[in-house]
Amino acid sequence: MQDAGSQQIGFLLGSCGVTVALTSDACHKGLPKSPTGEIPQFKGWPKLLWFVTESKHLSKPPRDWFPHIKDANNDTAYIEYKTCKDGSVLGVTVTRIALLTHCQALTQACGYTEAETIVNVLDFKKDVGLWHGILTSVMNMMHVISIPYSLMKVNPLSWIQKVCQYKAKVACVKSRDMHWALVAHRDQRDINLSSLRMLIVADGANPWSISSCDAFLNVFQSKGLRQEVICPCASSPEALTVAIRRPTDDSNQPPGRGVLSMHGLTYGVIRVDSEEKLSVLTVQDVGLVMPGAIMCSVKPDGIPQLCKTDEIGELCVCAIATGTSYYGLSGMTKNTFEVFPMTSSGGPITEYPFIRTGLLGFIGPGGLVFVIGKMDGLMVVSGRRHNADDIVATALAVEPMKFVYRGRIAVFSVSVLHDERIVIVAEQRPDSTEEDSFQWMSRVLQAIDSIHQVGVYCLALVPANTLPKTPLGGIHLSETKQLFLEGSLHPCNVLMCPHTCVTNLPKPRQKQPEIGPASVMVGNLVSGKRIAQASGRDLGQIEDNDQARKFLFLSEVLQWRAQTTPDHVLYTLLNCRGTIANSLTCVQLHKRAEKIAVMLMERGHLQDGDHVALVYPPGIDLIAAFYGCLYAGCVPITVRPPHPQNIATTLPTVKMIVEVSRSACLMTTQLICKLLRSREAAAAVDVRTWPPVLDTDDLPKKRPAQIYKPSNPETLAYLDFSVSTTGMLAGVKMSHAATSAFCRSIKLQCELYPSREVAICLDPYCGLGFVLWCLCSVYSGHQSILIPPSELETNPALWLLAVSQYKVRDTFCSYSVMELCTKGLGSQTESLKARGLDLSRVRTCVVVAEERPRIALTQSFSKLFKDLGLHPRAVSTSLGCRVNLAICLQPHRLGKLAEQGTSGPDPTTVYVDMRALRHDRSEPPFSFSLHTINRISRKRATSARLPVPENRCYTHK
């Protein structure tokens, strides 16, 4: 009674007036009992008399007793339960005449004969397992071998063993049983399936069952299994058996198949496509309509109008062998069991009612029925239809065995901003790490976006065996959805992507010019609200001694520094041993940029405004190439070079950025130049389509005749390209004016001056990491100590040792660097202290990222290195996005500003109602004091971390 949805089943039993429960001895012993031995009344269930039906508990009937045989009339024979999409349980009534007619139709369609042996793996209490394994088999006096699900979990090959042992003619299975038999078949010998004349696939209505059927046939065809034996069927609780593929003796007649465009299916139309594409759905037929039945396809929404031949619709059946009603629900019965399909002119096609099957599909050539999904799994997102089974299949195609526990994935939709949004919940394997899981989640989002062209609102991973289960061990979808909506799912990893799917956001509120600040303040105090707005200091009103302000372009700032402070060191690059690998003074950077500009104009024959891709490892060469492009009037695009050990995966991204940015030239080192022309590269991309590649290891000696100066500050300075977590390539244009203003705001916020030293351990290819690595030192004049993050894989202590050695007060890093130090140096703090590592001079350690705040990681980092002098208030995070690279940088909470009382506030943890947060509202679940609200309002940036128990989530600065 601990199974999800048991209360709804109890409610159905009470509605049907059930008072007696028949059960087995084993089941009766497993029920909870009171001290007196009585079975208590379960929550939501009616009071029942439990009756054990095994022979030792039964008395022998009198000799003159015979059962009363009733006529096959319209009286109710039995009630079969059905779980709806919202979790409610309905009872479908089946009359005596429908029961008898259904058994006769199955006998005719399947060719059942007396004394045949049938192996049944399915649940014999409902659906296909009941119809074939209990009812039709008794009618034809067949020998039935039932295999319980508990045995299948222990021995997935048990049904195949029984088929071989008893030379069974028929087997009733699901595609999951075929899949697990494939996984376990290597240990089994002497398998012979030649006796099978019919292998009924009960979930043939799931279009993705075709992969299990094909794989099973490929493996067991050599063991006597024939292609014509596999018989998928389609069924529903309302219409019983809808269609089934007939067994045939003609092995030359292939089954019906269709390769359909997934994009066309989302619009409800049939479009044949080629099988080579990923965005196609290969479907197999589920045979012909049952004997004595008529089938049609109607539009799933609105009036039941007949579909055209190229349209997908809900299949409807007119037959005697169907259910007749939902027990006690006359309104729902009319909508499902009394449907009159209409022609285009508005008239009914027949006077007899049809029954909705809940299956989506079409009727193909020769009367073959094709099913592409179910109404319960249908999700309408932005006017397009998507099937939950299709999304599950795509997610499972992305290395499921490494990350997903036993393939347990649930897909459903939630309503956000008047539209449905897709949510994916999966059980994570216990041995999966957080980083590996997020990589898998990113690949899943990318696959769904490219194949289905739809965004995923939320992808959550929960610990293994924590999702609600059905009686047979499957995921209870409606209970899982309810836990998600209540905030009680407790996932261990969450990836929220509302920006990819919520495209109907309301327009931002317009600021009213007539209302003054005093009126706004009074109005908000009266209404108890606060303004959802924050702003930094105005750059124009701040007076300082910044000489770089008189220059509009970074190229002019570099020339000015080369003249006034030629020997001042701007950049110092460290290697994995912590020694200086290279350095650049102002004049050295200026001269090297001049040579690169000459090479671009003479060897590359480039014009003003041409785009140049810079493919360099993190270092000095990248910086010099960037300013060389500015000197030549070209627009640089920094690109992460391909990984030498993983060219097949990383090189296509490089090629994509080069093509999308329309780069006229590619600059790189001699080593990477050889890599781009290697045999491995030729196997990954077409190397003949690369633009001209220039090697900057051999630069010309002469200087340019004239350094380019842009005519307008609003012209393009550089392009910032990056690949999002969903695999989408995004490019942001940065003008010269925006670049200078950005560098100035960072200079003022971080108090950067020529006498300062800043340690940077970031990837320098996009976002704030690129700006800090390449631009800020030239504008502010401070010395940047550059530490490539890849060097930490060899020496995890490199970054912290450099910070200590150079007595750095400010440093920038990424979450991956922080995690590498936390994991790699957790047990080495004493040895590092003995080596003289001292972090007491660090005033600001800023984590640069465009993702959710990883509060647990920053707290672990601060706690771990507290004994080495790191002040907990020194660690902070930045907030940025693709179009605004640094919305905020944490103000200094140590040093002069802290002493003056004008430093930024400490981070404060507050609770926000998670349901309100999903609707873009920050509503506290309980009342805060005014002081607490004021502290929240002083925050420079907030973001959400989901979720925590009791329907709350953290909001952290």
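Residues numbered from 1 in each chain as written. Predicted model: local features only at pLDDT ≥ 70, side-chain atom pairs only at ≥ 80, totals over all residues. Heavy atoms only, no water.

Per an unreviewed UniProt entry, the protein chain goes by AMP-dependent synthetase/ligase domain-containing protein and derives from Mycteria americana.

**Student:** Could you clarify how one ought to interpret the overall build of the protein chain in this entry?
**Tutor:** Across its full length, the protein chain carries 30 helices and 40 strands. Relative to its 957 residues, the protein chain shows a buried fraction of 49%. Of the contacts made within the protein chain by residues no fewer than 6 positions apart, 72% connect residues no fewer than 24 positions apart. Accessible area of the protein chain: about 46,600 Å², with a carbon and sulfur share of 53%. (Helix = DSSP H or I, 4+ residues; strand = E, 2+ residues; numbered from the N terminus. Buried < 20%, exposed > 50% of the residue type's maximum accessible area, 1.4 Å probe, protein only. Contact = heavy atoms within 4.5 Å. Areas by Shrake-Rupley, 256 points an atom, 1.4 Å probe, with all protein chains shown as cover.)

**Student:** What is the right way to look at the side chain of Thr 266 in this model?
**Tutor:** Structurally, Thr 266 can be placed in helix α9 (residues 262-266). Those residues within four positions of Thr 266 in sequence are excluded, and the remaining contacts are Arg 384, Arg 385 and His 386.

**Student:** Hey, could you run me through the side chain of Thr 357 in this one?
**Tutor:** Locating Thr 357 in the fold gives a position in strand β17 (residues 355-363). For Thr 357, a relative accessible area of 2% puts it in the buried group. Among the polar contacts made by the side chain of Thr 357, one reaches the main-chain amide nitrogen of Leu 359 at a distance of 3.2 Å. For Thr 357, the residues in contact, after removing those within four places along its chain, are Ser 236, Glu 238, Ala 239, Val 242, Glu 314, Leu 315, Cys 316 and Val 317. (Polar contact = N/O pair within 3.5 Å; in protein donor to acceptor, adjacent residues only side chain to side chain.)

**Student:** Sorry if this is basic, but what is going on with the pattern of salt bridges here?
**Tutor:** Evaluated as defined, the whole model comprises 31 salt bridges. Two residues, Lys 277 and Asp 273, come together in a salt bridge whose shortest N-O distance is 3.4 Å. Owing to a relative accessible area of 45%, Lys 277 belongs among the partly exposed residues under this scheme. Overall, Asp 273 belongs to the partly exposed group, its relative accessible area being 22%. (Salt bridge = Lys/Arg side-chain N within 4 Å of Asp/Glu carboxyl O.)

**Student:** Is there a simple way to think about the sheet that holds strand β25 (residues 569-574) in this case?
**Tutor:** Across a sheet, strands are paired by hydrogen bonds formed along the backbone, either parallel or antiparallel in direction. Here we have 7 strands laid out as an open sheet, ordered β26-β25-β34-β33-β35-β36-β37, and mixed in their pairing. A single partner strand is all that each edge strand has here, and the edge strands are β26 (580-585) and β37 (875-877). Neighbour-to-neighbour, the strand axes of this sheet turn through a mean angle of 20°, independent of strand direction. Relative to strand β34 (residues 783-786), β25 runs parallel, the two sharing 3 bridges. Of the residues in β34, the one forming a bridge with Tyr 571 is Ser 784. Along the sheet, helix α17 (residues 586-602) contacts β25 and β26; its crossing angle with β26, the most-contacted strand, is approximately 85°. (Pairing = 2+ DSSP bridges. Axes fitted to C-alpha atoms, helices over the stretch in contact; angles between N-to-C directions.)

**Student:** Would you mind showing me how to read the nonpolar core here?
**Tutor:** Nonpolar side chains in soluble globular proteins tend to be buried together. Ranked by size, the top nonpolar core spans 65 residues in total, and within it Tyr 571, Leu 589, Leu 600, Tyr 627, Met 667, Ile 746 and Leu 775 carry the most contacts. The residues contacting Leu 589, other than those within four sequence positions of it, are Leu 558, Leu 570, Tyr 571, Leu 584, Ile 623, Ala 624, Tyr 627 and Val 778. (Core = buried A, V, L, I, M, F, W, Y, C linked by side-chain atoms within 4.5 Å.)

**Student:** What am I meant to see in the packing of helix α16 (residues 554-564) against helix α18 (residues 620-632) here?
**Tutor:** The description of two packed helices rests on the angle between their axes and on the distance between the axes. Across the interface, α16 lies against α18 with an axial gap of 9 Å and an inter-helix angle of 105°. The pairing of α16 with α18 is recorded here as roughly perpendicular in orientation. Side by side, α16 and α18 meet where Leu 554, Ser 555, Leu 558 and Gln 559 of the first sit next to Tyr 627, Leu 630 and Tyr 631 of the second. Taken together, the residues that form the contact of α16 with α18 break down as 5 nonpolar, 2 polar and no charged. (Parallel < 35°, antiparallel > 145°, perpendicular 65-115°, else oblique. Nonpolar A, V, L, I, M, F, W, Y, C, P; charged D, E, K, R; others polar.)

**Student:** Just to check I follow, could you spell out the sheet that holds strand β23 (residues 456-463) for this structure?
**Tutor:** The strand order across the open sheet formed by 4 strands is β21-β22-β23-β24, and the pairing between neighbours is mixed. The open sheet has two free edges, formed respectively by β21 (404-416) and β24 (493-496), since each of these has just one partner strand. Direction aside, neighbouring strands of the sheet carry axes that sit 15° apart on average. Bridge count for β21 against strand β22 (residues 419-428) is 9 bridges, and the pairing is antiparallel. Its bridge partner being in β22, Ile 409 is matched across the sheet by Ala 426. Strands in contact with helix α13 (residues 434-452) are β21, β22, β23 and β24; relative to β24, the strand with the most contacts, it is inclined by about 35°. On the sheet, helix α14 (residues 477-486) packs against β21, β22 and β23 and is oriented at approximately 60° with respect to β21.

**Student:** Please explain the pairing of strand β19 (residues 378-381) as it appears in this structure.
**Tutor:** With 4 bridges connecting them, β19 and strand β20 (residues 384-387) associate as antiparallel partners. Note on β20: the bridge partner recorded for Leu 378 is Asn 387. Between β19 and the antiparallel strand that follows it, β20, lie 2 residues; Ser 382 among them carries a positive phi value of about 55°.

**Student:** Mind showing me how you'd approach unusual backbone geometry here?
**Tutor:** Leaving glycine out, the prevailing phi sign among residues is negative, and the prevailing peptide bond configuration is trans. In this structure, Ala 115 takes a positive phi of about 75° despite not being glycine. Tracing the sequence through the fold places Ala 115 in the loop between α3 (96-110) and β5 (117-120). Of the residues examined, Ala 115 reaches a relative accessible area of 58% and is grouped as exposed. In this model, Lys 807 sits at a positive phi of 55°, which is unusual for a non-glycine residue. Following the sequence through the fold, Lys 807 ends up in the loop between α24 (798-805) and β35 (810-813).

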